[in-house]
Number of protein chains: 2
Amino acid sequence: MMNPMKALVFDGKLHLERSYPEPGIRPGWAKIRINSAGICRTDLELTKGYMGFKGALGHEFAGTVEDCGDKEWVGRRVVGEINAACRECEWCAVDMGRHCPDRTVLGIMNHDGCMAEYCALPTANLCTVPDNLPDDRAVFTEPVSAACEILEQVDVGKKDRCIVLGDGKLGILCAWALCTVSNDVTLVGRHESKLERARWGGLNTSPSSEKQPDASADIVVEATGSENGLAQALRLCRPRGVVVLKSTVAAGGELNLAPAVINEITLVGSRCGRFKDGLEMITKRDLPLNRLIDARYPLDEAEAAFEHAGRRGVLKILLEP
Amino acid sequence: MMNPMKALVFDGKLHLERSYPEPGIRPGWAKIRINSAGICRTDLELTKGYMGFKGALGHEFAGTVEDCGDKEWVGRRVVGEINAACRECEWCAVDMGRHCPDRTVLGIMNHDGCMAEYCALPTANLCTVPDNLPDDRAVFTEPVSAACEILEQVDVGKKDRCIVLGDGKLGILCAWALCTVSNDVTLVGRHESKLERARWGGLNTSPSSEKQPDASADIVVEATGSENGLAQALRLCRPRGVVVLKSTVAAGGELNLAPAVINEITLVGSRCGRFKDGLEMITKRDLPLNRLIDARYPLDEAEAAFEHAGRRGVLKILLEP
């Protein structure tokens, strides 16, 4: 018999459930008590039907291992990669479990998430959080790793002119990640309040109303989450340049890739990154992550937290069970 | 005063004009008598309004230099790169004139084409045709170079599983180009008669009705020229694989790039290639180009030739003025 726990559940309708079953653990898995969970744009999309997901939401967390066959893990503070892979296929063999065809994805695909008292993941997915790194920074490991993924996929040079479109959380984190490599990064967004929070290091910011020159960027990151983002990215990218697609939302709808063919632009689909890269960046760089946090809610008020996260101009909302 | 010549002209309507002005030549340019010109899918699109082009059509040719300031060129048999570049900008400085922002494009953009008695190009664009290479093979240099461009943009390995979607001329040439590098190339198309003509070297062919396994290809070339080609390419491509976009037509319309983000697929826009690469492949490899030729017409019958080129199942129609 599983014990009941509190969890923010989506089953066609979003609601806090007070007697949701605690996750069981299989050999090689750990049960993790959640210390902090972040609400992400993907969570908002899931409640609109994206991926057809049903279950406990949430894939950004910092927590403490409470139960595990391997007792070494018990009591450790951890973050965890969200793709639970089979560990046996050709993808898993080359450390690419995040593309394992049999994977489940925490809070996104066939796997209850972390907006709950507990979640479960394979220990192979876990990274120990350094003692000096507080939960409310460690909770950003998932999105920071997704931003770092760009640096793994694209060879970014110090002088490459980079433009990031979209001043949401992911856009800002991508801009910060690029800033650690290139000296010429501009974040373009609609919200002066968000752009102000984003200014860090050598990052330039620009309101969307100010037109960037056509074909001026070596690398453009599309992180607007809006349908016209890709057309704008293709316009800003130089011939033979790279457009990084960071948003599944923006990738739908009517669009014309003819400019990509004519200008021989490379479009790079980019999703999750390695947690060790994200955790290292959070630990070694003074990314001002606290500036992204708009509010903190207890799990009991998760529904209100979710509503807050969907408001215009809001960046990160944390749930602290 | 320019002399009049015959030319197949599009000015909102396609017609053979008998007193179209011969092209003049500027310093550094050559006037070329056309020996053979190919009709390409792009030509058919141009007559439907693509690029808003008006003028003499045609960008695939083999010809003989008739007039040039540099007398060395006169009498030489040549083919010519279609992008006439400024030779001064940063693109031209790195031998990338085909992306020069001030370029004109033979028969496609602000530049009268080669379905005429003469065309004009900068001598910098010309490649001398070897004596033993007949005009009706040399005329394929432009599309073969476009196919070779894939090999320049993508690192294709001997064991990479490649699928080419589309059994049109460009699809077949792309498949042949890939066959010179990879041992595992499959051409997928709708027309058994075209697939039969395409079988060469180690190339596998498959009718579209036969489903290829999902996520099975390392490299997929989209050359269908149809709107659902890209969705199919994304389905066949493995995570982290490469989809080459060869068709501007297929790139329009409603489409969803979310699978490219989720599977971190790279899409590579690919257009024109270097003529020296194409000419070398035609000269050194026994590509059975003659199989692609359905008919030859004199320039006087260019309108009928154009109508023939648009028929279902037809590959290459040549104009031999």
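Above: the structure in question.
The structure contained in this document is the topic of the report that follows. Predicted model only: the values in this text are computed from it and were never measured.

**Here we look at the overall build of chain A**
Here's step 1: Counting secondary structure elements, chain A contains 10 helices and 18 strands.
Here's step 2: Taking 2.2 N^0.38 as the reference for a compact globule, 321 residues should give roughly 20 Å; the C-alpha atoms of chain A span a radius of gyration of 19 Å, in line with that estimate.
Here's step 3: For chain A, the spread of C-alpha atoms along the three principal axes comes to 60 × 40 × 40 Å.
Here's step 4: Across the 321 residues that make up chain A, the buried fraction comes to 60%.
Here's step 5: Working note: accessible area of chain A is about 12,900 Å², and carbon and sulfur atoms make up 47% of it.
Here's step 6: Taking the average location of the 39 positive side-chain charges in chain A and that of its 45 negative ones, the two points are 3 Å from each other.

**Remarks on the pattern of salt bridges**
Here's step 1: A full pass over the atoms with the stated rule returns 56 salt bridges over all chains.
Here's step 2: Where B:Glu22 meets B:Lys31, a salt bridge forms, and the shortest distance between an N and an O atom there is 2.5 Å.
Here's step 3: Classification of B:Lys31 by relative accessible area gives buried; the value is 12%.
Here's step 4: Beyond isolated ion pairs, a larger network of salt bridges with shared partners links A:Asp95, A:Arg98, A:Glu149, A:Glu152, A:Arg274, B:Arg240 and B:Glu264.

**Observations concerning the pairing of strand S14 (residues 217-222) of chain A**
All names here are of chain A.
Here's step 1: In terms of burial, S14 is a largely internal element, six of the six residues being buried.
Here's step 2: Where S14 lies against strand S15 (residues 237-245), five bridges are found, and the strand directions are parallel. In the sheet register, Val221 faces S15, and the bridge partner there is Val244.
Here's step 3: In this fold, S14 hands off to helix H7 (residues 229-236), which returns the chain to S15; that crossover is right-handed.

**What to know about the environment of B:Lys54**
Residue and element names in this part refer to chain B.
Here's step 1: Within the secondary structure, Lys54 sits in the loop between helix H1 (41-46) and strand S4 (55-56).
Here's step 2: By relative accessible area, which is 59% here, Lys54 ends up exposed.
Here's step 3: When the C-alpha atoms of Lys54 and Ser36 are compared, they prove to be 21 Å apart, with 18 residues separating the residues in sequence.
Here's step 4: If we skip the residues at most four places from it in the chain, Lys54 touches Phe10, Asp11 and Gly12.

**Examining helix H4 (residues 141-153) of chain A**
Given 3.6 residues to a turn, an α-helix orients residues that are three or four positions apart in the same direction.
Here's step 1: For H4(A), built from 13 residues, the straight-helix expectation of 18 Å at 1.5 Å per residue is met to within 8% by its first-to-last C-alpha distance of 18 Å.
Here's step 2: Every buried residue of H4(A) is accounted for by A:Thr141, A:Glu142, A:Pro143, A:Val144, A:Ser145, A:Ala146, A:Ala147, A:Cys148, A:Glu149 and A:Ile150.

**Remarks on the sheet that holds strand S4 (residues 55-56) of chain A**
Strands belonging to one sheet form pairs held by backbone hydrogen bonds; the direction of such a pair is parallel or antiparallel.
Residue and element names in this part refer to chain A.
Here's step 1: Strand order in the open sheet formed by three strands is S2-S1-S4, and the pairing between neighbours is antiparallel. Every other strand in the sheet has two partners, leaving strand S2 (14-21) and S4 as the edge strands with one partner each.
Here's step 2: Of the strands in this sheet, strand S1 (4-10) and S2 are in contact with helix H10 (residues 302-309), which crosses S2 at around 145 degrees.

**As for the packing of aromatic side chains**
Here's step 1: Applying the stated rule across the entire model yields two aromatic pairs over all chains.
Here's step 2: The ring of A:Tyr118 has A:Lys31 lying over it, and the distance from NZ or CZ to the ring centre is 4.4 Å.
Here's step 3: Over the ring of B:Trp73 we find B:Arg76; its NZ or CZ atom is 4.3 Å from the centre of that ring.

**Here's the deal with the sheet that holds S4(B)**
Residue and element names in this part refer to chain B.
Here's step 1: Spatially, the three strands line up as an open sheet ordered S2-S1-S4, and their pairing is antiparallel. Looking at which strands have only one partner, the edges of the open sheet turn out to be strand S2 (14-21) and S4.
Here's step 2: With two bridges connecting them, strand S1 (residues 4-10) and S4 associate as antiparallel partners. Across the sheet, the residue bridging to Phe10 is Gly55, located in S4.
Here's step 3: Strands S1 and S2 of the sheet are contacted by helix H10 (residues 302-309), whose axis makes an angle of about 145 degrees with S2.

**Points about the relation of the copies chain A and chain B**
Comparison of the two chain copies shows a relationship of rotation about an axis with a shift along it.
Here's step 1: When chain A is fitted to chain B, the residual RMSD is 0.0 Å, and the transformation amounts to a turn of 180 degrees plus an axial shift of 0.0 Å. Accordingly, the operation relating the two chain copies is best matched by a two-fold axis.

**Notes on the pairing of strand S11 (residues 161-165) of chain B**
All names here are of chain B.
Here's step 1: For S11, a buried count of five out of five residues is recorded, marking the element as mostly surrounded by other parts of the structure.
Here's step 2: Across five bridges, S11 lies against strand S12 (residues 184-189) in parallel orientation. Following the sheet pairing, Arg161 is matched in S12 by Asp184.
Here's step 3: Between the parallel elements S11 and S12, the chain passes through helix H5 (residues 169-179) in a crossover that is right-handed.

Cut-offs used in this document
- Residues numbered from 1 in each chain as written.
- Chains lettered and ligands numbered in written order.
- Predicted model: local features only at pLDDT ≥ 70, side-chain atom pairs only at ≥ 80, totals over all residues.
- Heavy atoms only, no water.
- Helix = DSSP H or I, 4+ residues; strand = E, 2+ residues; numbered from the N terminus.
- Rg over C-alpha atoms; globule rule 2.2 N^0.38 Å.
- Buried < 20%, exposed > 50% of the residue type's maximum accessible area, 1.4 Å probe, protein only.
- Areas by Shrake-Rupley, 256 points an atom, 1.4 Å probe, with all protein chains shown as cover.
- Lys, Arg positive; Asp, Glu negative; His and termini not counted.
- Charge placed at Lys NZ, Arg CZ, Asp CG, Glu CD.
- Salt bridge = Lys/Arg side-chain N within 4 Å of Asp/Glu carboxyl O.
- Pairing = 2+ DSSP bridges.
- Right-handed = clockwise from strand over helix to strand, strands pointing away.
- Contact = heavy atoms within 4.5 Å.
- Expected span 1.5 Å × (residues − 1).
- Axes fitted to C-alpha atoms, helices over the stretch in contact; angles between N-to-C directions.
- Phe/Tyr/Trp six-rings, centres within 6.5 Å; stacked < 30°, edge-to-face > 60°.
- Lys NZ or Arg CZ within 6 Å of the ring centre and 35° of its normal.
- Least-squares fit on C-alpha atoms with pLDDT ≥ 70 in both.

Note that all results are geometric; they support no functional claim without further evidence.
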